[in-house]
Amino acid sequence: AGLLRPASATKLVGALRSEFPDTPIHVHTHDTGGIGVASMLAAAAAGADVVHGAIDSMSGTTSQPSLGALLSSLLQLESVPK
């Protein structure tokens, strides 16, 4: 539904990572509210192993955040999450 906000993604993934340090964390959301890219970046920075996205031409709104926007944003960071 695209309800995951960046601050909530940070809190959720951070809590999961603290409690389950060796468990892979995948984050999936939709871009309905237009904040999917920011939420996925926050999730990655908080320790998510995988964030979901969609090819640019099929992304946004009820689909997943744009992979192109995610990649472009990650490339602008000084420290890219691993």
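What you see is a predicted model; the values in this text were computed from it and never measured. Residue positions within a chain follow its written sequence, with the count starting from 1. Local features in a predicted model are, by the rule used here, given only for residues with pLDDT of at least 70; side-chain atom pairs are given and counted only at 80 or more, and totals for whole chains, interfaces and linings are based on all residues. Each side-chain value is worked out from all heavy atoms of the structure, with water and hydrogens disregarded.

Peer 1: Help me understand helix α2 (residues 36-45), please; the structure alone is not making it clear to me.
Peer 2: Taking burial as the measure, the ten residues of α2 include seven buried ones, the bulk of the element. Within the sequence span of α2, burial applies to Gly36, Val37, Ser39, Met40, Ala42, Ala43 and Ala44. Contacts from the buried residues of α2 go to α1 (6-19), β1 (26-27), β2 (50-51) and α3 (67-76). Positioned one or two residues after α2, Gly47 has a phi angle of 120°, which is positive. Here's how the labels work: a residue is buried when its accessible area is under 20% of the maximum for its type, exposed when over 50%, partly exposed in between, all with a 1.4 Å probe on protein chains only. Every helix listed is a DSSP run of H or I at least four residues long, and every strand listed is a run of E at least two residues long, numbered separately from the N terminus. Contacts are assigned to residue pairs with any non-hydrogen atoms lying within 4.5 Å of each other.

Peer 1: I'm lost on the confidence of the model for the protein chain in this one. Help?
Peer 2: Caution applies to low-pLDDT regions: their predicted coordinates should not be interpreted in detail. As a per-residue measure, pLDDT tells how confident the predictor is, with possible values from 0 to 100. Summary statistics for the protein chain give a mean pLDDT of 92 and a share of 95% for residues scoring 70 or more. Taken element by element, the predicted model of the protein chain shows its lowest mean pLDDT in α3 (91) and its highest in β1 (98).

Peer 1: Would you mind going over the environment of Ala15 with me for this structure?
Peer 2: Of note, Ala15 is situated in helix α1. In the structure, Ala15 is positioned 27 residues away from Ala42 in sequence and 13 Å away in space, judged by C-alpha atoms.

Peer 1: How do you make sense of the side chain of Asp31 when you look at a structure like this?
Peer 2: The topology assignment puts Asp31 in the loop between β1 and α2. A residue counts as positive if it is Lys or Arg and as negative if it is Asp or Glu; His and the chain ends are not included. Take a side-chain nitrogen of Lys or Arg and a carboxyl oxygen of Asp or Glu: if they are within 4 Å of each other, that pair is a salt bridge. Although buried, Asp31 forms no salt bridge, and the nearest oppositely charged side chain, Arg5, lies 12 Å from it. In the analysis that follows, any N or O atom pair within 3.5 Å is treated as a polar contact, provided that within protein one partner can donate a hydrogen and the other can accept it, and provided that, for residues neighboring in sequence, both atoms belong to side chains. At 2.8 Å, the side chain of Asp31 and the backbone nitrogen of Gly36 are in polar contact.

Peer 1: Hey, could you run me through the packing of α2 against α3 in this one?
Peer 2: Helices that pack against each other are described as a pair by the angle of their axes relative to one another and the distance between those axes. Axis angles are defined between N-to-C directions and span 0 to 180 degrees, where every axis is a line fitted to C-alpha atoms and, for a helix, only to the segment in contact. Running from amino to carboxyl end, α2 crosses α3 at an angle of 50°, the nearest separation of the two axes being 10 Å. Relative to α3, the element α2 is oriented oblique. Between α2 and α3 lies a crossing of right-handed hand. Between α2, through Val37, Met40 and Leu41, and α3, the contact on the second element is made entirely by Ala69, Leu70, Ser73 and Leu74. Angle categories are assigned with fixed cut-offs, so that under 35 degrees is roughly parallel, over 145 is roughly antiparallel, 65 to 115 is roughly perpendicular, and the rest are oblique. Should the near helix be turned anticlockwise from the far one by less than a right angle, the crossing is termed left-handed; should it be turned clockwise, right-handed.

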